[in-house]
Amino acid sequence: MRVFVTGASGWIGSAAVDELLAAGHEVLGLARSNASAASLEAKGAVVLRGDLDDLASLRRGAVESEATLHFANKHDWSNPAESNRAERTAVETLAEALVGSGKTLGLASGLFRPDADRPVLETDPHPAVGPESMRGGSENLAFDYQDRGVRSIALRFAPTVHGHHDHGFIAQIVAAAQRTGVSGYIGDGSNSWAAVHRSDAARLVRLALEQAPAGARVHAVGEEGVQARRIAEAIGEVLGLPTTSIDPDDAAGHFGFIGRFFGAEMTASSAATRAAYGWGPTGPTLVEDIAAGAYTA
């Protein structure tokens, strides 16, 4: 099938493009720069120039394809309101373009715990609703279009999708250790984060695109929870730095913006996802990736 991919040159999107092309699908990738366009063309993808604010290009890509995968996000931590606005507008634009078509809209979503006493399950609705909420409530917005002939699928990614050259949350924690000379965790470090290797996430994206029913919540989670203290220890070991507790009141100063999240419990199950799609992780674990120099080489 022909798949329109936003964020096609991003961390998850580029891996998904590789997976889709390898499986024989055609990819139409949104590219905002010459470098991104050249990278996509070199892989054999078709390029559509535009960006997240170019709503005409978003409509065109969706209409001209059999399925849409939406990975692009501004991720502007200095202006989250703008990121949320852009995300909601983009999802609404894509969904409106697909009304009545029966085509697929798969969108990247996050994992937010509705219950502090257990991991997030695929059956848990996303708590973010409305334009002022996280990511502009895009997951629930997409699901609102199911009754209007859109096959909406939520692709929920673990807070760390790790691998070599990852510039996400773990990279920020590594940078804080390099900057301060200590590898820190917040409080007693007993909280845990779900994790998944980038290659495993990309494979699940393809499987979900090919198999998932409308309204599916798919969890790209290879490890249900990796303890924050163990993450800090692994970083300290590879950098040759001591590991220490950071007072919660000092977390923002030590870690930067990631200090708002590193002390949170962000665990999730993927049991239903594995059973439904025959998927299971085969890539390295998060600690294995850190030890292998994925964030320091």
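Before reading further, recall that the structure is shown in the block above.
Here's a quick rundown of the structure. Sequence order as written defines the numbering, with residues in each chain counted from 1. A pLDDT threshold of at least 70 governs which residues receive local features in this predicted model, and a stricter bar of 80 or more applies before side-chain atom pairs are shown or counted, although totals over entire chains, interfaces and linings include all residues. Side-chain figures throughout are based on the complete set of non-hydrogen atoms in the structure, without hydrogens or water.

### Considering the pairing of strand β6 (residues 151-157)
Judged by how many residues are buried, β6 sits mostly within the fold: seven of seven residues are covered. Across six bridges, the pairing between strand β5 (residues 104-109) and β6 is parallel. Each bridged residue has a counterpart across the sheet, and for Leu 105 the counterpart in β6 is Ser 152. By convention a crossover is right-handed if, when the strands point away from the viewer, the path from the first strand over the helix to the second runs clockwise. In this text, helices come from DSSP runs of H or I with a minimum length of four residues, and strands from runs of E with a minimum of two, each type numbered from the N-terminal end. Note on the crossover from β5 through helix α5 (residues 138-143) to β6: the handedness is right-handed. Pairing of β6 with strand β10 (residues 217-220), which is carried by four bridges, proceeds in the parallel orientation. Only protein chains enter the accessibility calculation, which uses a 1.4 Å probe; a residue is then buried when its area is under 20% of its type maximum, exposed when over 50%, and partly exposed in between. In this scheme, strands are said to pair when DSSP sees at least two bridges between them.

### Considering the sheet that holds β6
Sheet architecture is open: seven strands sit in the order β3-β2-β1-β4-β5-β6-β10, paired in parallel fashion. With partners counted over all chains shown, the strands left at the sheet margins are β3 (46-49) and β10, one partner each. Between one strand and the next, the sheet's axes are offset by a mean angle of 20 degrees, whatever the strand orientation. As paired elements, strand β2 (residues 26-31) and β3 share four bridges and run parallel to each other. Its bridge partner being in β3, Ala 31 is matched across the sheet by Arg 49. Lines are fitted to the C-alpha atoms to define the axes, a helix being fitted only along its stretch in contact, and any angle between axes, read from their N-to-C directions, falls within 0 to 180 degrees.

### What to know about empty space enclosed by the protein
For cavity detection a 1 Å grid was placed over the protein atoms alone, and a set of points counts as a cavity when a 1.4 Å probe fits there but cannot get out; an open set counts as a pocket when protein lies on both sides within 12 Å along at least five of seven lines, with lining residues being those that have an atom within 4 Å of a point. Grid points are joined across faces, edges and corners, and a volume is the space filled by probe spheres set on the points. Scanning all chains against the criterion turns up one cavity of 30 Å³ or more. In this structure, the largest cavity occupies an estimated 30 Å³ of space. In terms of lining residues, the largest cavity is bounded by Ser 109, His 126, Ala 128, Met 134, Arg 135, Gly 137, Ser 138 and Glu 139. Think of it as three bins: nonpolar holds Ala, Val, Leu, Ile, Met, Phe, Trp, Tyr, Cys and Pro, charged holds Asp, Glu, Lys and Arg, and polar takes everything else, Gly as well. Split into classes, the residues belonging to the lining of the largest cavity amount to two nonpolar, four polar and two charged.

### As for the pattern of salt bridges
One speaks of a salt bridge when a side-chain nitrogen belonging to Lys or Arg is within 4 Å of a carboxyl oxygen belonging to Asp or Glu. Here the structure, examined in full by the defined rule, presents 19 salt bridges. We note a salt bridge from Asp 53 to Lys 74, for which the minimum N-O separation is 2.9 Å. With Asp 53 in the loop between β3 and α3 (55-63) and Lys 74 in the loop between β4 (67-70) and α4 (80-98), this pair connects stretches of sequence that are 21 residues apart. Overall, Asp 53 belongs to the partly exposed group, its relative accessible area being 44%. Assessed through its relative accessible area of 32%, Lys 74 is described here as partly exposed. Note that Arg 60 is salt-bridged to Glu 64, the shortest N-O span being 3.1 Å. Under the relative-accessibility criterion, Arg 60 is labelled partly exposed at 47%. Three or more residues are tied together by salt bridges with common partners; here these are Arg 2, Glu 26, Arg 60 and Glu 64.

### Focus: the environment of Ser 36
The topology assignment puts Ser 36 in helix α2 (residues 34-43). Relative accessible area serves as the criterion here: at 14%, Ser 36 is assigned to the buried category. Sequence separation of Ser 36 and Pro 125 is 89 residues, and the distance between their C-alpha atoms is 34 Å. Not counting residues within four places of it along the chain, the set of residues in contact with Ser 36 comprises Ser 9 and Ala 31. A distance of 3.0 Å separates a polar atom in the side chain of Ser 36 from a polar atom in the side chain of Ser 9. In protein, a polar contact means a hydrogen-donor-capable atom and an acceptor-capable atom, both N or O and within 3.5 Å, with residues adjacent in sequence counting only if both atoms are side-chain atoms; elsewhere, any N or O pair within 3.5 Å suffices. Looking at Ser 36, its side chain comes within polar contact range of the side chain of Ser 33, at 3.0 Å. Here a residue-residue contact requires only that any non-hydrogen atoms of the pair lie within 4.5 Å.

### Quick notes on α2
For α2, the set of buried residues is Ser 36, Ala 37 and Leu 40. One face of α2 carries all of its buried residues, which in axial projection span an arc of 100 degrees. Exposed residues pointing more than 90 degrees away from the buried face of α2 are listed as Asn 34, Ala 35 and Ala 42. In the core, the buried residues of α2 are packed alongside α1 (11-22), β2 and β3. Picture the helix axis, draw a direction to every C-beta atom, and the arc is the one those directions span.

### Some details on unusual backbone geometry
With a phi angle near 75 degrees, His 165 is a residue other than glycine that sits in the positive phi range. Its relative accessible area of 60% is what places His 165 among the exposed residues.

### Here we look at the packing of aromatic side chains
Pairing of aromatic side chains here covers Phe, Tyr and the six-membered ring of Trp, requires ring centres within 6.5 Å, and sorts the geometry by plane angle: under 30 degrees stacked, over 60 edge-to-face, intermediate tilted. Applying the stated criterion across every chain yields a total of six aromatic pairs. Seen from their ring centres, Phe 169 and Phe 261 are 5.8 Å apart, and the 15 degrees between their planes marks the pair as stacked. Here Phe 169, found in helix α6 (residues 169-180), pairs with Phe 261, found in the loop between α9 (251-255) and α10 (271-277); they are 92 residues apart in sequence, far enough to count as distant. Each member of the pair, Phe 169 together with Phe 261, is buried. Ring geometry for Trp 193 against Phe 262: centres 5.5 Å apart, planes inclined by 80 degrees, an arrangement best described as edge-to-face. Here Trp 193, found in strand β9 (residues 192-197), pairs with Phe 262, found in the loop between α9 and α10; they are 69 residues apart in sequence, far enough to count as distant. We classify Trp 193 as buried; its relative accessible area is 1%. You can call Phe 262 buried: its relative accessible area is 0%. Ring pairing ties together the aromatic residues Phe 169, Trp 193, Phe 255, Phe 257, Phe 261 and Phe 262, which thus form one cluster. Placement of a charge over a ring requires the Lys NZ or Arg CZ to be within 6 Å of the ring centre, with the centre-to-atom vector within 35 degrees of the ring normal. Between Arg 198 and the ring centre of Trp 11, over which it is positioned, the NZ or CZ distance is 4.2 Å.

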